[in-house]
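Structural features, examined
Spelled out from the first residue to the last, the chains are:
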Amino acid sequence: MSTTPTFEQRAATSCAVISAEVTMASIADDLPPLIGRVAGFLAEHGRASSGPPFWRYRVIDMSGVLTVEVGFPVAETLDVPTGTPGDVVPGVLPAGTYATMVHVGHPDGLLDATSALLAWADGAGVAWDRTLGSDGEHWACRLEEYLSDPAEEPDLTKWRTRLAFKTAD
């Protein structure tokens, strides 16, 4: 079950992320552990998240490789050196108008929820902030924000995930 899509204005938001390249076949195994790594990094450095964990899809090639950032928003910009791939680095979620909706249910339903949001946008004439490259669609900001804490809600069929996709300005 998903809510009706709406538009939301968002300010630029600092974040802490780990970037990963995955395939649709590996995404469910490869990305969830990264949430714990980013949370651990923030705790080690005395920082707290200012919102829910997210996956930010940067480059999407559904039949090939996806580039995804896993992270948390933070109140203040991180001052950490960038290092090797897989390290936590500072980032920014861009300001702008986002089309959003909340999916309630098992994460397996997110592909259908995403398809519904994209179809709604097509019908409404919404243009996305994205470009097409030889390696796939490059999105300015396409988020899955995980609103449910698995420690508090172990029933995956009750999990809440907000989709927030940046529209073209």
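In what follows, the accompanying structure is described. (Residues numbered from 1 in each chain as written. Predicted model: local features only at pLDDT ≥ 70, side-chain atom pairs only at ≥ 80, totals over all residues. Heavy atoms only, no water.)

**Notes on a nonpolar patch on the surface**
Keep this limit in mind: Exposure above 30% relative accessible area and no salt bridge define the residues that can form patches, which grow by joining like charges within 9 Å and nonpolar side chains of Val, Leu, Ile, Met, Phe, Trp and Tyr within 5 Å. Here the Shrake-Rupley method, with its probe set to 1.4 Å, supplies the accessible areas, and only the displayed protein chains count as covering residues. Take a side-chain nitrogen of Lys or Arg and a carboxyl oxygen of Asp or Glu: if they are within 4 Å of each other, that pair is a salt bridge. Note on conventions: DSSP H or I runs of at least 4 residues are helices, E runs of at least 2 residues are strands, and numbering of each starts at the N terminus.
A cluster of nonpolar side chains, contributed by Met-24, Met-62 and Leu-111, occupies part of the molecular surface with about 270 Å² of accessible area. Turning to its location among the elements, Met-24 is positioned in the loop between β2 (13-22) and α1 (27-30).

**Details of the nonpolar core**
Threshold: We call a set of buried residues a nonpolar core when its members are Ala, Val, Leu, Ile, Met, Phe, Trp, Tyr or Cys and they connect through side-chain atoms within 4.5 Å of each other. With a 1.4 Å probe rolled over the protein chains alone, any residue whose accessible area is under 20% of its type maximum counts as buried; one over 50% counts as exposed, and the rest are partly exposed. Contacts: residue pairs with any heavy atoms within 4.5 Å of one another.
Residues Leu-31, Leu-42, Trp-55 and Leu-78 are the most contacted members of the largest nonpolar core, which totals 33 residues. Going through the elements one at a time, β2, α2 (32-44), β3 (54-60), β4 (66-73), β6 (96-104), α3 (110-124) and β10 (160-166) are the ones with two or more residues in this core. When sequence neighbours within four positions are dropped, the list of residues in contact with Leu-31 reads Ala-20, Val-22, Trp-55, Val-68 and Val-70. One finds Leu-93, Cys-141, Leu-143 and Ala-164 within the second-largest nonpolar core, a separate group that totals 8 residues.

**Overview of the side chain of Glu-69**
Where we set the bar: Each polar contact in these results corresponds to two N or O atoms within 3.5 Å; when the atoms are within protein, one needs to be able to donate a hydrogen and the other to accept it, and residues that are neighboring in sequence are counted only if both atoms are side-chain atoms.
With respect to the helices and strands, the residue Glu-69 is situated in strand β4. A polar side-chain atom of Glu-69 sits 3.3 Å from a polar atom in the side chain of Arg-58.

In short, shape yes, function no, at least from these values alone.
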